[in-house]
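Coordinate analysis (summary)
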Amino acid sequence: MQYDALKTFITLVEVNNFTKASEILHISQPSVSLHIKNLEQEFQTTLFIRSPKSVQITPTGEILYKRAKQMMAIAEAAREDILTYHHEIQGTLVIGASFTIGEYILPPIIAKLQQQFPQLELQVIIGNTKEIIQYTKLLQVDIGLIEGQAHDNELIIKPFMQDELFIVSASNHPLAKNPTITVENLQQQNWVAREEGSGTRYYLDHLFRANGLQVRSLLTISSNQGVKESVIQGLGLSLLSASVIEREIKNGDIKILPLEEQHFIRTFSYLYSPTMKNKRNVDILIEALINYASA
């Protein structure tokens, strides 16, 4: 099986167009067609259903796509292992990170890695926890960093640090005057929340369920910054990571509302496919995460 044919096949699946695939790969369209034909002959199956206006992958094409991604990842890992043998850390490391980690934890880690390994190209894809798990399974990222719960037999998942969440309000909210608050104080309040699939939203939903809280209104925003700005504007309470609100607390824009006898601790974890195990660039990031957490 040829490396170029697999690379062409993967590209065609992802762009779903022969012309676009040829442009991305800098080869002719007949060459794209020839690569696909050779793969179909080798596997004795039809990989695509073609029509003048569309290209549709077949069920056997889906099977090959998943395996082809794994094979390409293994080939890339082998290439980087050989570079490591020659005392070079280079190539590309694609990191998937949930919003809190990607926006507030990862930047200083990346800055240090770039200083240590200037030839290493770093790419970061940010999404919610559910999305990052899926990107990691599909090998769209080399390693994922998530907040909240994750259980998946197809992935290796390990914790690297703990994070504390706090109930917060605008500094002029009536509850902000109280040194502590009770569950009763939280009944029939307006709330601002992250979207479904977010690790932070998971913990907020747990807060509601565990304490039997009745919500007056719930505003959903798919970014930490949007949630913070909404809280500052007095649109409701929220549950946010300490790392997310650090600057706003110092500036007096947001107030922490300590809830009597309750603390909200969660774990940040890294996860990767077994095909990425012992990949040098992935190991470097894991080492950096552990060092950051222990600092």
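Nothing here was measured: the structure is a model prediction, and the numbers come from that model.

On a plain count of helices and strands, the chain comes out with ten helices and eleven strands. If one aligns the C-alpha atoms of the chain with their principal axes, the spans along those axes are about 70 × 50 × 30 Å. Relative to its full complement of 295 residues, the chain shows a buried share of 47%. Long-range contacts, defined as pairs at least 24 residues apart, comprise 73% of the intrachain contacts of the chain with a sequence gap of at least 6. By element, 50% of the accessible surface of the chain is carried by carbon and sulfur atoms, the whole surface being about 15,400 Å². With 26 positive and 31 negative side-chain charges, the chain shows a spacing of 3 Å between the two charge centroids.

Under the defined criterion, the tally for this structure stands at 13 salt bridges. Salt-bridge contacts for Lys-279 lead to Asp-142; the nearest nitrogen and oxygen are separated by 3.2 Å. Linking Lys-279 in the loop between β11 (264-272) and α10 (280-294) with Asp-142 in the loop between α6 (129-137) and β5 (143-147), this pair joins segments that are 137 residues apart in sequence. The pair formed by Lys-279 and Asp-142 is uniform in burial state, with each residue classed as buried.

To continue, consider the packing of aromatic side chains. Here the structure, examined in full by the defined rule, presents five aromatic pairs. With centroids separated by 6.2 Å and ring planes inclined at 40 degrees, the aromatic side chains of Phe-160 and Phe-268 adopt a geometry described as tilted. Linking Phe-160 in strand β6 (residues 156-170) with Phe-268 in strand β11, this pair joins segments that are 108 residues apart in sequence. The exposure class of Phe-160 is buried, given its relative accessible area of 9%. Judged by its relative accessible area of 0%, Phe-268 is buried. Relative to Tyr-203, the ring of Tyr-202 lies with its centre 5.4 Å away and its plane at 80 degrees, an arrangement referred to as edge-to-face.

What follows covers helix α8 (residues 224-232). Every buried residue of α8 is listed here: Asn-224, Gly-226, Val-227, Lys-228, Ser-230 and Val-231. One or two residues past the end of α8 sits Gly-234, with phi positive at roughly 80 degrees.

The end-to-end C-alpha distance of helix α3 (residues 29-43), which contains 15 residues, comes to 22 Å, matching closely the 21 Å that a straight helix rising 1.5 Å per residue would cover. Here the buried face of α3 lies against α1 (3-15), α2 (18-25) and β1 (48-50). In the stretch just after α3, Gln-44 is the one whose phi turns positive, near 55 degrees.

Residues Ile-143 and Leu-145 are the most contacted members of the largest nonpolar core, which totals 28 residues. Of all elements in the fold, only β3 (91-98), α5 (99-116), β4 (120-127), β5, β6, β11 and α10 reach the threshold of two or more residues within this core. When near neighbours in sequence (up to four residues on either side) are disregarded, Ile-143 contacts Leu-93, Val-94, Ile-95, Gly-96, Thr-136, Tyr-270, Leu-271, Tyr-272, Val-282, Leu-285 and Ile-286.

A regular strand places its side chains on the two faces of the sheet in alternate fashion. The sheet contact formed by strand β7 (residues 189-193) and strand β8 (residues 215-220) spans five bridges and is parallel. Bridging across to β8, Gln-189 finds its partner in Val-215. Crossover connection from β7 via helix α7 (residues 199-211) to parallel β8: handedness right-handed.

Turning to the packing of α2 against α3, a few remarks are in order. Look at α2 against α3: their axes get within 8 Å of each other, and the N-to-C directions meet at 105 degrees. In terms of their interaxial angle, α2 and α3 are classed as roughly perpendicular. Counting all contacts with α2, which are made through Phe-18, Thr-19, Ala-21 and Ser-22, the residues of α3 involved are Gln-29, Val-32, Ser-33 and Ile-36. Tallied by class, the residues present in the contact of α2 with α3 amount to four nonpolar, four polar and no charged.

Before going further, it helps to spend a moment on the packing of α8 against helix α9 (residues 242-251). Look at α8 against α9: their axes get within 11 Å of each other, and the N-to-C directions meet at 40 degrees. As far as their axial angle goes, α9 and α8 are oblique. As α8 runs across α9, the sense of the crossing is right-handed. On α9, the residues touching Asn-224, Lys-228 and Ile-232 of α8 are Val-244, Ile-245 and Glu-248. When the residues that make up the contact of α8 with α9 are grouped by side-chain class, the tally is three nonpolar, one polar and two charged.

Cut-offs and rules
Residues numbered from 1 in each chain as written. Predicted model: local features only at pLDDT ≥ 70, side-chain atom pairs only at ≥ 80, totals over all residues. Heavy atoms only, no water. Helix = DSSP H or I, 4+ residues; strand = E, 2+ residues; numbered from the N terminus. Buried < 20%, exposed > 50% of the residue type's maximum accessible area, 1.4 Å probe, protein only. Contact = heavy atoms within 4.5 Å. Areas by Shrake-Rupley, 256 points an atom, 1.4 Å probe, with all protein chains shown as cover. Lys, Arg positive; Asp, Glu negative; His and termini not counted. Charge placed at Lys NZ, Arg CZ, Asp CG, Glu CD. Salt bridge = Lys/Arg side-chain N within 4 Å of Asp/Glu carboxyl O. Phe/Tyr/Trp six-rings, centres within 6.5 Å; stacked < 30°, edge-to-face > 60°. Expected span 1.5 Å × (residues − 1). Core = buried A, V, L, I, M, F, W, Y, C linked by side-chain atoms within 4.5 Å. Pairing = 2+ DSSP bridges. Right-handed = clockwise from strand over helix to strand, strands pointing away. Axes fitted to C-alpha atoms, helices over the stretch in contact; angles between N-to-C directions. Parallel < 35°, antiparallel > 145°, perpendicular 65-115°, else oblique. Nonpolar A, V, L, I, M, F, W, Y, C, P; charged D, E, K, R; others polar. Left-handed = near helix turned anticlockwise from the far one by under 90°.

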